[in-house]
Amino acid sequence: MNNKITIAIDGYSSSGKSTMAKRLAAEIGYRYIDSGAMYRAVTLFAMQHNMISQSGTPDKDKIIAALPDIKINFQIQDGTQSTILNGVNVEKEIRQMAVSNNVSPVAAIPEVRHCLVAMQQAFGKEKGIVMDGRDIGTTVFPNAELKIFVKASAETRAQRRFKELIEKGSRASYAEVLANVVHRDHLDETREESPLRQAEDAILLDNSNMSLEEQNAWMLERYKEACSK
Ligand code: CDP
């Protein structure tokens, strides 16, 4: 297993992709990139600069014009990865409901996608990467050696995300989280530019009834299989 591969994990909102991807990357010594964090960072930038209306409509022209001013990096400290937007650690802020509520329309802007996809491809140039998102197996790395598509019922996903937010001290309600999950699924699946869909050669995982341990063990097996091909 000397040759490093590219691993693309796509799927629905809050399906546990990031947990799986992070764990696998740590275990096999690969770099992990959370592509959703990048869309969230652009959204936060747009919110900070009044480029999104009260009703949630992004000002596309302003956001496109600002793209060269948006620098996104990742920093690893004590084993946890943080998203850095123009030099500022925004990891906590980008996970807030306010950003979740605005991100999908921003992520639907083709120019935003082109810009972030190019950055993502640059991160993966050397392989040895696990990236999670919505279009990693279809658009970012169509030649990835291992592609996983994760799904679970909307209620299961909302429950997981709700628990996570509460544990982090956020005051979201379950109903609000469920509505956001369902709404984002719809926007992500129906947008014109690289919509959320399973790549033909992706392995489907429904983890509705799987524990974290089972899920991680399953993922490691798929990695070993892909390496032995
Ligand atoms: O963590 P969660 O499942 O809530 O979503 P995320 O991975 O943080 O992504 C947030 C949003 O970014 C998604 O709902 C998509 O609208 C967008 N996104 C995308 O369009 N393409 C990606 N590769 C990753 C995220």
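The preceding data block contains the structure.
Residues numbered from 1 in each chain as written. Predicted model: local features only at pLDDT ≥ 70, side-chain atom pairs only at ≥ 80, totals over all residues. Heavy atoms only, no water.

Examining the pairing of strand S6 (residues 129–133)
With five of five residues buried, S6 lies mostly within the body of the structure. Side-chain alternation along S6 places Ile-129, Met-131 and Gly-133 on one buried face and Val-130 and Asp-132 on a second face that is also buried. (Buried < 20%, exposed > 50% of the residue type's maximum accessible area, 1.4 Å probe, protein only. Helix = DSSP H or I, 4+ residues; strand = E, 2+ residues; numbered from the N terminus.)

Points about the site of the ligand
Taken together, 19 residues form the shell around the ligand, and within it Ser-14, Arg-40, Arg-113, Asp-135 and Asp-188 come nearest. Arg-134 places a main-chain nitrogen or oxygen 3.1 Å from a nitrogen atom of the ligand. Coverage of the ligand by the protein amounts to 98% of the 530 Å² it exposes when considered alone. At the level of secondary structure, the elements contributing two or more residues to the shell around the ligand comprise helix H2 (35–48), helix H5 (97–107) and helix H9 (174–190). Broken down by element, the shell around the ligand gets its largest block of residues, four residues, from H2. Taken together, the residues of the shell around the ligand break down into four nonpolar, six polar and nine charged. (Near = heavy atom within 4 Å. Polar contact = N/O pair within 3.5 Å; in protein donor to acceptor, adjacent residues only side chain to side chain. Areas by Shrake-Rupley, 256 points an atom, 1.4 Å probe, with all protein chains shown as cover. Nonpolar A, V, L, I, M, F, W, Y, C, P; charged D, E, K, R; others polar.)

With respect to the environment of Ala-175
When you line up the elements, Ala-175 lands in helix H9. Take Ala-175: its relative accessible area is 54%, and that puts it in the exposed class. Distance in space between the C-alpha atoms of Ala-175 and Ala-158 is 8.5 Å, their sequence separation being 17 residues.

Notes on the packing of aromatic side chains
For the structure shown, the criterion picks out four aromatic pairs. Taken together, a centroid distance of 5.8 Å and an interplanar angle of 80° make the contact between Tyr-12 and Phe-149 edge-to-face. On the criterion of sequence distance, the pair formed by Tyr-12 in the loop between strand S1 (6–11) and helix H1 (17–28) and Phe-149 in strand S7 (residues 146–151) is long-range, its members being 137 residues apart. Taking the centre distance of 5.9 Å and the plane angle of 85° together, the rings of Tyr-30 and Tyr-223 count as edge-to-face. Placement of Tyr-30 in the loop between H1 and strand S2 (31–34) and of Tyr-223 in helix H10 (residues 212–227) is noted, with a sequence separation of 193 residues between them. There is no split in this pair, since Tyr-30 and Tyr-223 are both buried. In this arrangement the basic side chain of Arg-222 is found over the ring face of Trp-218, its NZ or CZ atom lying 4.9 Å from the centre. (Phe/Tyr/Trp six-rings, centres within 6.5 Å; stacked < 30°, edge-to-face > 60°. Lys NZ or Arg CZ within 6 Å of the ring centre and 35° of its normal.)

A few points about helix H8 (residues 154–167)
Over its 14 residues, H8 runs 20 Å from end to end, which matches the ideal 20 Å to within 8%, given 1.5 Å per residue. Residues of H8 that are buried include every one of Ala-154, Arg-157, Ala-158 and Leu-165, and no others. Along the axis of H8, the buried positions cluster into a sector of 95°, meaning they face one direction only. Away from the buried face of H8 by more than 90 degrees, exposed residues Lys-163 and Glu-167 are located. Where the residues of H8 are buried, they touch H5 and H9. In the segment just after H8, Gly-169 is the residue with positive phi, at about 90°. (Expected span 1.5 Å × (residues − 1). Arc of directions from axis to C-beta. Contact = heavy atoms within 4.5 Å.)

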